[in-house]
Amino acid sequence: MARALKAFINSFALHRNLVKVREITQNKKVLAMIKANGYGHGIVNVAKSLQEADAFGVACIEEAVELREAGIQNRIVLMEGFFDAEAELPEIFRLNLEPVVHHESHIGALASCENPLRIWLKINTGMNRLGFPVDLVHPIRAKIAENPALSIAGYLTHFAKADEVDNPFTQRQIEKFEATIQHLPEEKSLANSAAILAVKNSHGDWVRPGIMLYGVSPFPKRHGALEGLIPVMSLRSALIAIQSLAKGEIVGYGGDFVCPHAMRIGVVAVGYGDGYPRLAPTGTPILVNGKRTVLVGRVSMDMVAVDLNAQPEAKVGDIVELWGEKLPVETVAEAIGTTAYELLTGLSTRVPLEIIG
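The rules behind the values
- Residues numbered from 1 in each chain as written.
- Predicted model: local features only at pLDDT ≥ 70, side-chain atom pairs only at ≥ 80, totals over all residues.
- Heavy atoms only, no water.
- Helix = DSSP H or I, 4+ residues; strand = E, 2+ residues; numbered from the N terminus.
- Buried < 20%, exposed > 50% of the residue type's maximum accessible area, 1.4 Å probe, protein only.
- Contact = heavy atoms within 4.5 Å.
- Areas by Shrake-Rupley, 256 points an atom, 1.4 Å probe, with all protein chains shown as cover.
- Axes fitted to C-alpha atoms, helices over the stretch in contact; angles between N-to-C directions.
- Parallel < 35°, antiparallel > 145°, perpendicular 65-115°, else oblique.
- Left-handed = near helix turned anticlockwise from the far one by under 90°.
- Nonpolar A, V, L, I, M, F, W, Y, C, P; charged D, E, K, R; others polar.
- Phe/Tyr/Trp six-rings, centres within 6.5 Å; stacked < 30°, edge-to-face > 60°.
- Lys NZ or Arg CZ within 6 Å of the ring centre and 35° of its normal.
- 1 Å grid on protein atoms, 1.4 Å probe; cavity = no way out; pocket = protein on both sides within 12 Å on 5 of 7 lines; lining within 4 Å.
- Points joined across faces, edges and corners; volume = space filled by probe spheres on them.
- Salt bridge = Lys/Arg side-chain N within 4 Å of Asp/Glu carboxyl O.
- Pairing = 2+ DSSP bridges.

**Student:** So what's going on with the overall build of the protein? Which residues, and what values?
**Tutor:** Scanning the protein for helices and strands turns up 11 helices and 19 strands. Reported as C-alpha extents along the three principal axes, the dimensions of the protein are approximately 80 × 40 × 35 Å. Counting over 357 residues, the protein shows a buried share of 53%. The long-range share in the protein, meaning contacts at least 24 apart out of those at least 6 apart in sequence, stands at 63%. With an accessible surface of roughly 15,900 Å², the protein has 52% of that area assigned to carbon and sulfur atoms.

**Student:** Explain the packing of helix H4 (residues 61–69) against helix H5 (residues 85–95) to me, using residue names and the numbers behind them.
**Tutor:** Between H4 and H5, the shortest axis-to-axis distance is 11 Å and the interhelical angle comes to 30°. By the angle between their axes, H4 is roughly parallel relative to H5. You can see that H4 and H5 cross each other, and the crossing is left-handed. In contact with Ile61, Val65 and Arg68 of H4, H5 contributes Glu88, Glu91, Ile92 and Leu95. Each residue belonging to the contact of H4 with H5 can be placed in one class, and the counts come to 4 nonpolar, no polar and 3 charged.

**Student:** Any chance you could break down the packing of aromatic side chains for me, citing the residues and the numbers?
**Tutor:** Taken as a whole and assessed by the stated rule, the structure comprises 4 aromatic pairs. A ring pair is formed by Tyr39 and Tyr341, whose centres lie 6.4 Å apart and whose planes are at 45°; its orientation type is tilted. One end of the pair, Tyr39, is in helix H2 (residues 35–39); the other, Tyr341, is in helix H11 (residues 340–345), with 302 residues separating them in the sequence. Classification of Tyr341 by relative accessible area gives partly exposed; the value is 36%. Among the aromatic residues, those joined into a cluster by ring pairs are Tyr39, Tyr214 and Tyr341. Just above the ring of Phe169 sits the side chain of Lys161; from NZ or CZ to the centre is 5.1 Å. Above the ring of Phe8, the side-chain terminus of Arg236 is found at 4.7 Å from the ring centroid.

**Student:** Report on empty space enclosed by the protein, specifying residues and quantitative values.
**Tutor:** Scanning all chains against the criterion turns up 1 cavity of 30 Å³ or more. As for the largest cavity, its lining consists of Lys122, Ile123, Asn124, Thr125, Gly126, Met127, Arg129, Leu130, Thr157, His158 and Gln173. When the residues that make up the lining of the largest cavity are grouped by side-chain class, the tally is 3 nonpolar, 6 polar and 2 charged.

**Student:** Summarise the layout of surface pockets; cite the residues concerned and give the values.
**Tutor:** One number sums up the size of the largest pocket: a volume of about 850 Å³. Around the largest pocket, the lining is made up of 39 residues, and of these Tyr39, His158, Asn192, Ile211 and Tyr341 lie nearest the centre. Breaking the lining of the largest pocket down by element, the ones donating at least two residues are H2, helix H9 (193–198), helix H10 (329–336) and H11. If you tally residues by element for the lining of the largest pocket, the top one is H10, at 4 residues. Here the lining of the largest pocket is composed, by residue class, of 19 nonpolar, 9 polar and 11 charged.

**Student:** Let's hear about H4: which residues, and what values?
**Tutor:** Three- or four-residue spacings in an α-helix give side chains the same orientation, since the helix completes a turn every 3.6 residues. Listed as buried for H4 are Ile61, Glu63, Ala64, Val65, Leu67 and Arg68. Taken together, the buried residues of H4 touch H2, helix H3 (43–49), strand E3 (55–58), strand E4 (75–78), H5 and strand E5 (97–101). Within two residues after H4, Gly71 carries a phi angle of roughly 90°, on the positive side.

**Student:** Which residues make up the pattern of salt bridges, and what values go with them?
**Tutor:** Scanning the entire structure with this criterion turns up 19 salt bridges. In this structure, the salt-bridge partner of Glu91 is Arg94, at a minimum N-O distance of 2.6 Å. Of the two residues, Glu91 and Arg94 are both situated in helix H5; the distance of 3 residues between them amounts to about one turn of the helix. With relative accessibility at 55%, the residue Arg94 sits in the exposed group. With a closest N to O distance of 2.9 Å, Arg141 and Glu186 form a salt bridge. Residue Arg141 is located in helix H7 (residues 137–145), and its partner Glu186 is located in the loop between helix H8 (168–181) and strand E9 (187–189); the two are separated by 45 residues in the primary sequence. A single network of salt bridges, built from pairs that share partners, joins Arg3, Asp274, Asp302 and Arg350.

**Student:** Which residues make up the pairing of strand E17 (residues 304–307), and what are the values?
**Tutor:** Side chains on a regular strand alternate between the two faces of the sheet. Note: strand E14 (residues 263–268) against E17, 4 bridges, orientation antiparallel. Note that in E17 the partner of Ile265 across the bridge is Asp307. Across 2 bridges, the pairing between strand E16 (residues 291–296) and E17 is antiparallel. Its bridge partner lying in E17, Leu295 is registered against Val306.

Interpretation in functional terms is not warranted from these geometric data alone.
Okay, here's the thing in structure tokens:
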């Protein structure tokens, strides 16, 4: 019998969340972020569920190759551009990819390009990560125009604080971006998930939803359901053992948890080898048979322990939900002191994905 741990991926929820994006943005074009293995949901599975998106955003050419080899025909944008022009440009042409150009080294590498290539120009408006300074945008555009093989699909920037609703920094970034490209004819893209939901004047021509496609809120202390989203992943396992312990006995490595009274402890098949955070503390919420309980003791490589005192009927084989439909991943992330992004993308490849819906 196979190990019980499995991530269930709701393809209906993925599609419905994309529909929600279109409703909010009044049918702006959608560049769907499916990098990092589709935020842990399986990049090909996600792409097939979101084929109505206008384009897909990936981090690197390896992700794009996987999509093309799976038969995905949508436009694909390399969000970090290319890292090795000599090695990657032939593949970019062959696979009909669209790199983001964000550094002058990219311009030099493309100067002698003879194959038709559509590129995106990244503008740094304050995130200070990738992108050209605003005063270089027009000179860079002029250099690109010298090569008739190159065409600009659009201009994009990225928000640093869009998840902080009403933070004026976001509006300053918008103003800087608009002032830079106001007389340019190509399309523009600014909005990530947080801006899609909270910054209506940032929607531009293209929006770039990421975490919201997976049913997760981009805002602190909020759940996807509050944004009208449906959770896509449910990470489930099962009880594989039950221990009856006396007051004063320890649980797990290091004996960090000492039973304050007689306790019934369940052992669950999941651990940091699966991507469940090793630093998840005692008290992290977990569901057993749909009822909330908590983790106790240290997370092991393959197992965690949970408090079953309130569930005397629980038995080996019973279902455990680490996060999902009934236990939002945002709640679990907050208890651990991390983000839903990290939990979802951190799943190990040994966790099977099962598509439902």
